[in-house]
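Per-entry structural report
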Amino acid sequence: MPPEIDRERLHDLTARELERFERDHPRSRELFENARDTLLAGVPMPWMSEWAGPYPVFVSEAHGARFTDVDGLEYVDLCLGDTGAMTGHAPKEAVAAIAEQAANGITHMLPTEDAAWVGREMGRRFGLPFWQFCLTATDANRFTIRLARAITGRPKILVYNFCYHGSVDETIITIEGGVSGPRVGNIGPPVDPNQTTRVVEFNDVDALERALAHGDVACVLAEPALTNIGIVPPEPGYHDALRRLTREHGTFLVIDETHTICAGPGGATRAWGLEPDFLTIGKPLASGVPAACYGMSAEVAERAQSYLDSLPTTDVGGIGGTLSGNALSLAAMRATLEHVLTDEAFEHMIALGERWADGVKAAIETHGLPWEVQRVGCRAEYWFTPTPPRNGGEAAAGEDHDLMRFTHLYALNRGVLLTPFHNMALMSPATTEADVDTHTNVFDQMAAELIG
Ligand SMILES: Cc1ncc(COP(=O)(O)O)c(C=O)c1O
């Protein structure tokens, strides 16, 4: 029998780690207290108050896979801005291109030469010939959904239970006790999401078929593997069924590669041979400068273009933005794709992902913990469940916030930053084997203390 986690012990260890955090971070505390006068909850955006400590660590500088905080402590960064800095911090080729473009004009609502270069490179990587640019993955999903509804004339989309695709109202829906409804915590939904969305469990082909049979779904918006409720991989044959059924029912398949780019240079789409109609991606594409894009097949592009041509104007239509496709983000994207997120970089990153997962698995076994490890390419994660969840509902049921807070805080206090919300580690081109081993040792020590 695996050992039960002693909750009293967990509570005491967490209290000890909180004290240590406060002792080690006086300057971060000071800056946080100061910021409370001007910022909601003392942070510039709400997620920055979700870290394991009582206040966030304030960053002084970040290079490669490491950053230093304002108290002078250095960290191995396995969060990497929740994928925004998967390139490593401040990669030199991208920084040079950013500096050069910034000195020559940042945004003019006119195209620069870089746009077509990036479109062609995205096509080479992901297999879709036509591209448009925007600033965030949320935008890419919003714009794609609008186009899919416009082209098909259908009102609804379909997503998976406990998916996350950014703050797109249509996607923030879950199934609780067999009934679909607004996801707990969604802020100001405009309507009941059942009006806009059908939601099914990942890996459930029958549920997908039933939902598509209504004939009102413009597109399925899917991560190739769920990554935002922990990693939930597709079961063998699931993607074939998804593609077959979407085609049979005249529904577009949108693959969101924002996180699964970790599977390789062309994301899971290339690594697993997927054939989406649309593809969306953002976050690391421009080494941290806001940039995102969405691609489409030739057939979809033709339908989209003839729809757009039928409109008197597109200036308020909702698939563009003043800063979309700006010169700076395109220059940064070009440099990132050409020099940073290269094929060779992915080989290095994926090997480190394996090393991280093997190290954590070995420690879990040594200490007999009832936990699991999942990995997609250079993104890996541990789970507080004895068997891997098959879908979002099972994954959500396996969450353990107290344990997560403790494991994250323990790592943070010993110089390793994990991604909040789940137990995720991401490898960058700058991450080293020594960085991975630092985490493995800290994890092993933590597990030993937890078991007692
Ligand atoms: C799969 C996926 N799509 C889209 C988004 C939205 O990205 P952003 O917040 O950069 O708009 C996220 C954010 O975590 C994501 O994980």
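Just so it is clear, the structure is predicted and the values come from calculations on it, not from any experiment.

Take the nonpolar core next. Counting residues in hydrophobic clusters, the biggest one holds 71 residues, and the most contacted among them are Met 122, Trp 356, Trp 371, Met 427 and Leu 450. At nine residues, helix H11 (residues 343–366) tops the list of elements feeding residues into this core. Ile 173, Ala 218, Leu 245 and Tyr 294 belong to the second largest nonpolar core, which has 50 residues in total.

Next up on the list: the sheet that holds strand S10 (residues 252–256). The sheet built from seven strands is open, its strands ordered S4-S12-S11-S10-S9-S5-S8 with mixed pairing. Taken across any chain shown, the strands that pair with only one partner, and hence form the sheet edges, are strand S4 (130–134) and strand S8 (197–200). Here the average twist between neighbouring strands, direction ignored, is 20 degrees. Relative to strand S9 (residues 217–222), strand S5 (residues 156–160) is paired through three bridges, and the arrangement is parallel. Directly across from Leu 158, in S9, lies its bridge partner Val 220. This element, helix H9 (residues 298–309), spans S4, S10, strand S11 (278–281) and strand S12 (292–296) of the sheet and lies at about 100 degrees to S12.

All right, on to the site of the ligand then. Surrounding the ligand, one finds 13 residues, the nearest of these being Thr 138, Asn 228, Asp 256, His 259 and Lys 283. Residue Thr 138 places a side-chain N or O atom 2.5 Å away from an oxygen atom belonging to the ligand. Protein contacts shield 89% of the accessible area of the ligand, which totals 390 Å² for the unbound molecule. For the shell around the ligand, the leading source of residues is helix H5 (residues 137–152), giving three residues. In terms of residue class, the shell around the ligand is built from two nonpolar, eight polar and three charged.

Per the counting criterion, the structure on display carries four cavities of 30 Å³ or more. Estimates place the volume of the largest cavity at around 130 Å³. Lining the largest cavity are 14 residues, with Trp 383, Glu 399, Met 404, His 422 and Asn 423 sitting closest to its centre. Per-element accounting of the lining of the largest cavity gives the leading share, three residues, to strand S14 (residues 379–383). Partitioning the lining of the largest cavity into residue classes produces six nonpolar, five polar and three charged. In this structure, the second largest cavity encloses a volume near 40 Å³. Lining the second largest cavity are Trp 51, Ala 52, His 408, Leu 412, Val 416, Leu 417 and Leu 418.

The subject of this paragraph is H5. Compared with the 22 Å implied by 1.5 Å per residue over 16 residues, the 22 Å span of H5 between its first and last C-alpha is a close match. For H5, every residue scored as buried is listed here: Ala 137, Thr 138, Asp 139, Ala 140, Asn 141, Phe 143, Thr 144, Ile 145, Leu 147, Ala 148 and Ile 151. Immediately downstream of H5, the backbone of Gly 153 shows phi near 70 degrees, a positive value.

We now examine helix H1 (residues 7–24). If you check H1, its first and last C-alpha atoms are 26 Å apart, about what 18 residues at 1.5 Å a residue would give, namely 26 Å. For H1, the set of buried residues is Leu 10, Leu 13, Thr 14, Glu 17 and Phe 21. Down the axis of H1, the buried side of the element spans an arc of 105 degrees, and every buried residue falls inside it. For H1, the exposed residues set more than 90 degrees away from the buried face come down to Glu 8, His 11, Glu 19 and Arg 23. Buried residues along H1 sit against helix H13 (401–413) and helix H14 (433–451). With a side-chain oxygen lying 3.0 Å from the backbone nitrogen of Glu 8, the N-terminal cap of H1 falls on Asp 6.

Thresholds, definitions, all that
- Residues numbered from 1 in each chain as written.
- Predicted model: local features only at pLDDT ≥ 70, side-chain atom pairs only at ≥ 80, totals over all residues.
- Heavy atoms only, no water.
- Core = buried A, V, L, I, M, F, W, Y, C linked by side-chain atoms within 4.5 Å.
- Buried < 20%, exposed > 50% of the residue type's maximum accessible area, 1.4 Å probe, protein only.
- Helix = DSSP H or I, 4+ residues; strand = E, 2+ residues; numbered from the N terminus.
- Pairing = 2+ DSSP bridges.
- Axes fitted to C-alpha atoms, helices over the stretch in contact; angles between N-to-C directions.
- Contact = heavy atoms within 4.5 Å.
- Near = heavy atom within 4 Å.
- Polar contact = N/O pair within 3.5 Å; in protein donor to acceptor, adjacent residues only side chain to side chain.
- Areas by Shrake-Rupley, 256 points an atom, 1.4 Å probe, with all protein chains shown as cover.
- Nonpolar A, V, L, I, M, F, W, Y, C, P; charged D, E, K, R; others polar.
- 1 Å grid on protein atoms, 1.4 Å probe; cavity = no way out; pocket = protein on both sides within 12 Å on 5 of 7 lines; lining within 4 Å.
- Points joined across faces, edges and corners; volume = space filled by probe spheres on them.
- Expected span 1.5 Å × (residues − 1).
- Arc of directions from axis to C-beta.

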